[in-house]
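Chain residues, written in single-letter form:
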Amino acid sequence: MELLDQNATLPETANLVIIGAGIVGWSAAHFLTQAGWEQVIVLDQGLLFEDGLGSTSHAPGLIFQLNASKAVCQLARWSVALYSELEYQGLRCFFPVGSLEIAYSRARHEELKRKLGHALSWGLPAELIEPSEIQRRIPILNTERIPSALHVPSDGIAKGARICQALAARAIGRGASCYPQTEVTGVEVVRGQVHAVHTSRGTIHTSRLLLCAGIWGPRIGKLAGVAVPLTPVEHQYVKTSPLPQLAGETREVVHPILRHQDRAMYFRQQADCYGIGSYQHEPRLIPSEDLGAGEKAIRPFTPSDFEKPYADALELFPCFGEVDLSYRINGMFSFTPDGNSLMGESADVRGFWMAEAIWVTHGGGAGKAMAEWISTGRPPMDLREMDCNRFHRHAASRAYIRARGAQQYREVYDIIHPLEPIREPRCLRVSPFYERQKELGAVFFEAAGWERPQWFTANENLPIDAAWPQRNGWTAQNWSPVCGVEHQATRERVALFDLTAFTKLEITGERALDFLQSITANQIDRPEGTITYTSLLNDRGGIECDLTVTRLGAQRFWVLTGGTGGPHDLAWIRSHLPTDRSVRIADLTSAYCCLGVWGPRARDLMAAVSDDDFRNEAMPYMTARKVYVGHVPVLALRISYAGELGWEVYAPTEYGLHLWDLLWDAGRGLGLIAAGGAAFDSLRLEKGYRLWGTDIHSDYNPYQAGLGATVRLKKGEFLGRSALECIKSQPISPRLCCLTFDDPQVTVMGKEPILCGDAVLGYVTSSNYGYSVGRSIAYGYLPSEHATEGAAMDIYFFGERHRARITREPLFDAGNSRLKS
Ligand code: FAD
C-alpha cells in the first residue's frame, strides 16, 4: 500500500500509539481518526495485510453474530455494519450469505430453540429452518441426520486483510501514520502512567497506547507490568482443492456459512473449494513468551488431529472425498480464562488500553467501542463482561490462564448450561466454614475462585411442598428442590449463609467522606454506625456498581460489594481516587469471613451466643455495631439481602470456624439450617432486590432500575448527578418491571425475550420461583408505555410462549416489616 512508508522516520511523540496492525488495530485507528484524533500511530512488527504475521491474515472470516451475551452480539453487529460499507480497490469486504447452525443431536435441536430466543432478545433477525430448506441453501450438504438449523440471514464472510486495507486507507487519509516492521520492545511507565513506547526503530513519547497485538499481547503487557490474561491456542483450518460440484464457481462465496457444533467444526465455501475449521483436537497451547517476533501466527499442521474431523466432514459433505486438501494450517489465536475479550484501560497502569482476544467477528465493533471509550472515558454500552480489570488475582497466573484457556477452547461450541460451574481449577479459595459445609453435603459452585454452597444435601430430609414447581430437563440441571426447603427455613426459622466471598474494602483518609460523597448517588454523610445502600454512577447516570457503605468513623468506611464483580468495583473506585493520597483503600476481602444470619429467629440466635444487645432499640435496621459472638470480635451489620430479620456477621478469618460452630450449636433448638446460593437468589428476587450484572449495570440508570429512592440529588455534587437531573425531567423508559407467570409451574432461566404480540419489548434479566409468594417471577426492562400493572406479555422459552403479567413489586413484605422487626 502506497500510504505506508517502510523507511520513514519514526515520530518522537504521539497522542496515541496502536500496537498491532490487525483487524482490531485498524478498526480502532479508523474510528479514532473519525472522532478527530490526530497523531495516531499504528505500529506492527511485521509486514502488512495478506503478508501480515497476525491471526487476521490467516482467518477465513466467518461471522456468526449471535451470542448468549447481548454485548458480544452487539459488537458483531457493529462489525457487520462497518464491514458491509467497506470496499477496497472495487472489491467488497463483506459477503452477507447468511449462516446455518445445524443440529445433529436432540440436545442441539432444543438448544437452537433457546438460541432463537437469544436472537429475539437481542433484536437479531433469525429463524429455525427445516431440512428441505437447509438442502436448498447448501445443495452439496448431506442433510439426512439434520432435523433443523438456525438461520441468521445477515451473517456472512468478512475478508480480514481486505478490511484492514480499506480501514488503513481511511485512517491514514485522516492523518494516522503506520510503521510496519517496527517491533515494540519496551513500554516506559512513570508513576503508574504510560510515558513512552520503545521500538526497534526508536522511541515515541506518548501517554496512551492501545494494545491490539493479538496473541503477542501478554508479551507486551509484561513490558509494562500489566497482566493480559490470554493464551494463544492452535486451531486447525484446511481447504479442499476444487470440487467438481462447484466447477466454474468464481464468486468468493455463495453458500451460507455453516456451523456443525455437535462436532466442533465449521465450513465455508470459497469459490469452487470449501474451507473446514475444527476445534475437535485437544487444545495445543503456546506460551506467549515462546512466540518469536517475526513468527507468523501459524504452526505446522498436525495431521493426526484432523483424522476424526475429516471423517465427520465427509459424513456431512460426501463430495469432499473426491478431492484433496490443498491448504492445511494450525493457525493461532487467543483464548482468555472466561472466553471473553479483554477491553478497557488497565487499572494498574494509566494510559495502557487494550483490545485483546477479539475475533474478526467483533473486530469492527471493538474498534468502535474502544474509540469511544478512549475519547470519552466510557464505552458506548455495558462492556463489563469484557472489562480487562474483571479478573481476580489468581486469574493472572500462567497456570490458571492455561487451564481455563484450554477449557474455553474445548467448550467453544458446546452447549453450556447457564448455571454450570467450571470443573477446573477448583478449591482455589475456600471460606473457613468449608469443612463444616462439606460435612453437611454442600453442593459447591465456583465463583471468582471461591467454593460457594448452592444447596445442602443435609436439608434433603426436610419436607418439600407439593405445590412447588417440578423442574425437569434443562431447568432441572444444576438445581435441586432443596433450595425451596432452604428458602422456607429462612423465612420461618433461621439460616446461615456463607457470604465470605463478598468484596470488603476499607476506605480511610482525611478526605474519605468527601471522596465517597463524590462517587455515590446516596447520602453517605450519616452518623457513625449507619449502613447506606447506594449506586456508583458514570457521567451518563448509568449504574457502574451497587454496594453498601458502612460508616465506622468520621473518615473510616467499609464498602461491601459482591464477590464476582469486586475487581471491577475496586478498579472503578481507584480510577476516581484523588492523586494527593488523602484517601486510602485497603482490600480486606481475605482478612474477614462473613455469615448471613437471617430469619425470624436470628435475634434469638444472636442473643444465645452474645452478651451484646441485638434488640431494635440498640441495633436498628441498617446499622452496624462491633460486638462479640462468644469470644469472637465481629462487626455485625443489620441488613439482609434475603429480606429477613438478621445480620451480616464479619469476623477476622481465623475465627471463622469457631464462629460457625458457636452459631451452629446454639441454633439447634431454633431450627437453624445452612442455606446456599440457590435459595438466596429466590429470596432476594421475591423481595425485589436487584442483582448487579443482570438486573442493573451501566446501560441503566437508577430511575429505570426502580432505585430512584436511593438517589439524593440534593446532597451536593456527585458523579452522574447532572445526568440524573436531566433524566429525571423526562419520561423514564424503559423501566425494570416485575412479571409473574399465570402458571406458577413455568420456569425460565434468564435472557428470554418478552413479547407483546409479535413485538419483542425486552428480555428477562432475572428469574426464579418465589417459594413464599407461590409465584414464578421474572424481571425485565420494558418500554414505559407497556410498563403498567396487569399488562399481559408472553415470555418465549424453548419455542413456547408463556403468559406473564406485570405485577406490583416487591412481591414479599413490601413494608419491610420483617427487616425492621
Ligand atoms: P492480529 O491479527 O493477530 O494482529 C496483531 C498484530 O500485532 C500482528 O500483526 C502482529 O505482528 C502485531 N504485533 C505483535 N507484537 C508486536 C510488537 N511487539 N510490536 C509491533 N507489533 C506487534 N475469527 C473470526 O471471527 N471468524 C473466523 O472464522 C475465524 N477463523 C479463524 C481461523 C484461524 C485459523 C485463525 C488463526 C483465527 C481465526 N479467527 C477467526 C480469529 C481471528 O483471526 C483473530 O481473533 C483476529 O484476527 C485477531 O485480530 P487482532 O487484530 O487482535 O490480532
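This structure is a prediction, so every number in the text was calculated from the model and none was measured. (Residues numbered from 1 in each chain as written. Predicted model: local features only at pLDDT ≥ 70, side-chain atom pairs only at ≥ 80, totals over all residues. Heavy atoms only, no water.)

A. Structural view of the sheet that holds strand E2 (residues 40-43). An order of E11-E2-E1-E15-E23-E22 is seen for the six strands of this open sheet, with the pairing classed as mixed. Looking at strand neighbours, the two that pair on one side only are strand E11 (177-179) and strand E22 (342-345), the edges of this open sheet. The mean angle between the axes of side-by-side strands here comes to 20 degrees, regardless of whether they run parallel or antiparallel. Alignment of E2 against E11, held across three bridges, turns out to be parallel. Pairing of Leu43 across the sheet is with Tyr179, part of E11. Contacts from helix H6 (residues 217-224) reach strand E1 (16-19), strand E15 (209-211) and strand E23 (352-356), with the element oriented near 170 degrees to E23. (Pairing = 2+ DSSP bridges. Helix = DSSP H or I, 4+ residues; strand = E, 2+ residues; numbered from the N terminus. Axes fitted to C-alpha atoms, helices over the stretch in contact; angles between N-to-C directions. Contact = heavy atoms within 4.5 Å.)

B. Broad picture of the packing of helix H2 (residues 70-85) against helix H8 (residues 360-376). Orientation of H2 relative to H8, taken along the N-to-C sense of each, is 90 degrees, at an axis distance of 6 Å. Here H2 lies roughly perpendicular to H8, going by the angle between them. Across from Val72, Leu75, Ala76, Trp78, Ser79, Leu82 and Tyr83 in H2, the residues of H8 making contact are Val360, Thr361, His362, Gly363, Gly364, Gly365, Ala366, Lys368 and Ala369. Taken together, the residues of the contact of H2 with H8 break down into nine nonpolar, six polar and one charged. (Parallel < 35°, antiparallel > 145°, perpendicular 65-115°, else oblique. Nonpolar A, V, L, I, M, F, W, Y, C, P; charged D, E, K, R; others polar.)

C. Structural context of unusual backbone geometry. The residue after Ser733, namely Pro734, is reached through a cis peptide bond having omega -5 degrees. Assignment of secondary structure puts Pro734 in the loop between helix H17 (721-728) and strand E37 (735-741). Between Glu809 and Pro810 the backbone carries a cis peptide bond, its omega angle lying at -5 degrees. Among the structural elements, Pro810 can be located in the loop between strand E42 (800-806) and helix H18 (817-820).

D. Summary view of the sheet that holds strand E29 (residues 543-553). Here five strands make up an open sheet; going across it, the order is E28-E29-E30-E27-E31 and the pairing antiparallel. The sheet is open, and its two edges are formed by strand E28 (531-537) and strand E31 (584-587), each paired on a single side. Sheet twist, expressed as the average angle between the axes of neighbouring strands with direction ignored, equals 30 degrees. Bridge analysis of E28 against E29 gives seven bridges, and the strand direction is antiparallel. Each bridged residue has a counterpart across the sheet, and for Ile531 the counterpart in E29 is Thr550.

E. View of the site of the ligand. By nearness alone, 35 residues border the ligand, and Asp44, Ser55, Thr56, Ile358 and Thr361 come closest of all. Within the backbone of Ile23, one N or O atom sits 3.1 Å away from an oxygen atom of the ligand. In the environment of the ligand, an oxygen atom lies 3.1 Å from a nitrogen or oxygen atom belonging to the backbone of Val360. Within the complex, 97% of the 1000 Å² of free accessible area of the ligand lies under protein. Among the secondary structure elements, those contributing two or more residues to the shell around the ligand are helix H1 (23-34), strand E16 (231-240), strand E21 (325-335) and H8. At three residues, the largest contribution of residues to the shell around the ligand is made by E21. (Near = heavy atom within 4 Å. Polar contact = N/O pair within 3.5 Å; in protein donor to acceptor, adjacent residues only side chain to side chain. Areas by Shrake-Rupley, 256 points an atom, 1.4 Å probe, with all protein chains shown as cover.)

F. Quick look at the environment of Gly52. Assignment of secondary structure puts Gly52 in the loop between E2 and strand E3 (62-63). Sequence-distant contacts of Gly52, that is, excluding residues within four places in its chain, are made with Leu47, Ser57, His58 and Lys296.

G. Quick peek at the packing of aromatic side chains. Per the counting criterion, the structure on display carries 34 aromatic pairs. With centroids separated by 4.8 Å and ring planes inclined at 75 degrees, the aromatic side chains of Trp558 and Tyr592 adopt a geometry described as edge-to-face. Taken together, the residues Trp558 in strand E30 (residues 556-561) and Tyr592 in strand E32 (residues 592-598) connect sequence positions 34 residues apart. Ring pairs connect the aromatic residues Tyr237, Tyr266, Tyr279, Phe333, Phe335, Trp359, Tyr409 and Tyr413, which therefore count as one cluster. The ring of Trp78 carries the charged tip of Lys368 above its face, separated from the ring centre by 4.9 Å. Against the face of Phe812 rests Arg491, its NZ or CZ located 3.9 Å from the ring centre. (Phe/Tyr/Trp six-rings, centres within 6.5 Å; stacked < 30°, edge-to-face > 60°. Lys NZ or Arg CZ within 6 Å of the ring centre and 35° of its normal.)

H. Highlighting helix H13 (residues 566-575). Taken across its ten residues, H13 has eight buried, putting it largely inside the fold. Buried within H13 are the following residues: Gly566, Pro567, His568, Asp569, Leu570, Ala571, Trp572 and Ile573. Residues of H13 that are buried make contact with strand E27 (503-508), helix H12 (512-519), E28, E29, E30 and E31. (Buried < 20%, exposed > 50% of the residue type's maximum accessible area, 1.4 Å probe, protein only.)

I. Focus on H6. Gly217, Pro218, Ile220, Gly221 and Ala224 are the residues of H6 that are buried. One side of H6 carries all its buried residues, which in axial view fall inside an arc of 160 degrees. Those residues of H6 hidden inside the fold are in contact with E1, strand E12 (184-190), E15 and E23. (Arc of directions from axis to C-beta.)

J. Molecular detail of the pairing of E12. Relative to strand E13 (residues 193-199), E12 runs antiparallel, the two sharing six bridges. If you follow Glu188 over to E13, its bridge partner there is Ala196.

K. Structural view of the pattern of salt bridges. All chains considered together, the criterion is met by 46 salt bridges. With a closest N to O distance of 3.0 Å, Arg410 and Glu282 form a salt bridge. Of this pair, Arg410 sits in helix H9 (residues 398-410) while Glu282 sits in the loop between strand E19 (273-278) and strand E20 (298-299); the two residues are 128 residues apart in sequence, bridging distant segments of the chain. Looking at Arg410, the relative accessible area reads 35%, which means it is partly exposed. Close ionic contact of Arg390 with Asp338 constitutes a salt bridge, the shortest N to O distance being 2.8 Å. A residue pair is termed long-range when its members are at least 10 positions apart, and Arg390 in the loop between H8 and H9 and Asp338 in the loop between E21 and E22 qualify at 52 residues. Connected through salt bridges with shared partners, the residues Arg491, Glu644, Glu686 and Arg818 form a single ionic network. (Salt bridge = Lys/Arg side-chain N within 4 Å of Asp/Glu carboxyl O.)

L. Quick look at the environment of Thr231. With respect to the element layout, Thr231 can be found in strand E16. Judged by its relative accessible area of 3%, Thr231 falls in the buried class. Residues Thr231 and Tyr533, 302 residues apart in the sequence, show an inter-C-alpha distance of 39 Å.

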